[in-house]
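Residue-level structural notes
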Amino acid sequence: QQPVQSPQAVILREGEDAVINCSSSKALYSVHWYRQKHGEAPVFLMILLKGGEQKGHDKISASFNEKKQQSSLYLTASQLSYSGTYFCGTGNNAGNMLTFGGGTRLMVKP
Amino acid sequence: KAGVTQTPRYLIKTRGQQVTLSCSPISGHRSVSWYQQTPGQGLQFLFEYFSETQRNKGNFPGRFSGRQFSNSRSEMNVSTLELGDSALYLCASRYRQVSTDTQYFGPGTRLTVL
């Protein structure tokens, strides 16, 4: 079952914040976040492995709520370089392949 | 460490033909997964190989097949190509076949079927 991402698209001005959500109907073992720029491969951002975990680097962070079976990606003080499509990938048992959400298209304007 | 590499990067074929795509994982990674990416469908999982065995398979017809060699390199084959097979095919590798391992993507092979 594919995780559901929301919103599907968002447009920001430089310096604004955004939140991207990823929800699953199944219990999650892991949540992986990627960003893909047009014409390029998805680039790994971060992985969350247990409920309550929060991670971040630079001004991008994420949280994992195991009970709610969801994760959120937070982009603060967005930069032009943040533009792209963000995908969450979920692992719902220890050995399973990742299932990706439909993506959230983020555009940051000057 | 070198990243995941895929060859060729671009391919143009006609309907009915077959095609083979190649993927070399990051050194030491034993799991290779293949995805099809189209504008309308996002990242669709095709299959995953680990230690030369297919471990997981997505919901694609039997025209899509793959294999993995002893050096972990993988190939995927699509027979009797259809127009709808036009897509970006991405391969990704991870060290083990566990969902807690990070998966790294290659640059993809863009296949156009005419």
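Note: the structure precedes this text.
Scope of this entry: the structure provided in the associated data block. This is a predicted model, so every value here is computed, not measured. (Residues numbered from 1 in each chain as written. Chains lettered and ligands numbered in written order. Predicted model: local features only at pLDDT ≥ 70, side-chain atom pairs only at ≥ 80, totals over all residues. Heavy atoms only, no water.)

Turning our eyes to something else, we now look at the pattern of salt bridges. Residue and element names in this part refer to chain B. Taken as a whole and judged by the stated rule, the model has six salt bridges over all chains. Ionic pairing is found between Glu-48 and Arg-94, a salt bridge with its closest N-O pair at 2.9 Å. One end of the pair, Glu-48, is in strand S5 (residues 42-50); the other, Arg-94, is in strand S9 (residues 87-94), and 46 residues separate them in sequence. Taken as a pair, Glu-48 and Arg-94 share a single burial class, namely buried. One salt bridge in this structure joins Arg-67 and Glu-75, with 3.2 Å as the shortest N-O distance. With relative accessibility at 47%, the residue Arg-67 sits in the partly exposed group. Salt bridges here are not isolated pairs; linked through shared partners, they connect Arg-63, Glu-82 and Asp-85. (Salt bridge = Lys/Arg side-chain N within 4 Å of Asp/Glu carboxyl O. Helix = DSSP H or I, 4+ residues; strand = E, 2+ residues; numbered from the N terminus. Buried < 20%, exposed > 50% of the residue type's maximum accessible area, 1.4 Å probe, protein only.)

Bringing the pairing of strand S8 (residues 74-78) of chain B into the picture now. Residue and element names in this part refer to chain B. Extensive coverage of S8 is indicated by the burial of five of its five residues. Neither face of S8 is left uncovered, since the one carrying Ser-74, Met-76 and Val-78 and the one carrying Glu-75 and Asn-77 both have all their residues buried. The sheet contact formed by strand S3 (residues 19-24) and S8 spans five bridges and is antiparallel. Within the sheet, the bridge partner assigned to Thr-20 lies in S8 and is Asn-77. Of the strand pairs in this sheet, strand S7 (residues 64-68) and S8 are connected by five bridges, and their pairing is antiparallel. Along S8, the bridge assignment pairs Gly-66 with Met-76. Counted along the chain from S7 to the antiparallel partner S8, the turn is five residues long, and its residue Ser-72 has a positive phi close to 80 degrees. (Pairing = 2+ DSSP bridges.)

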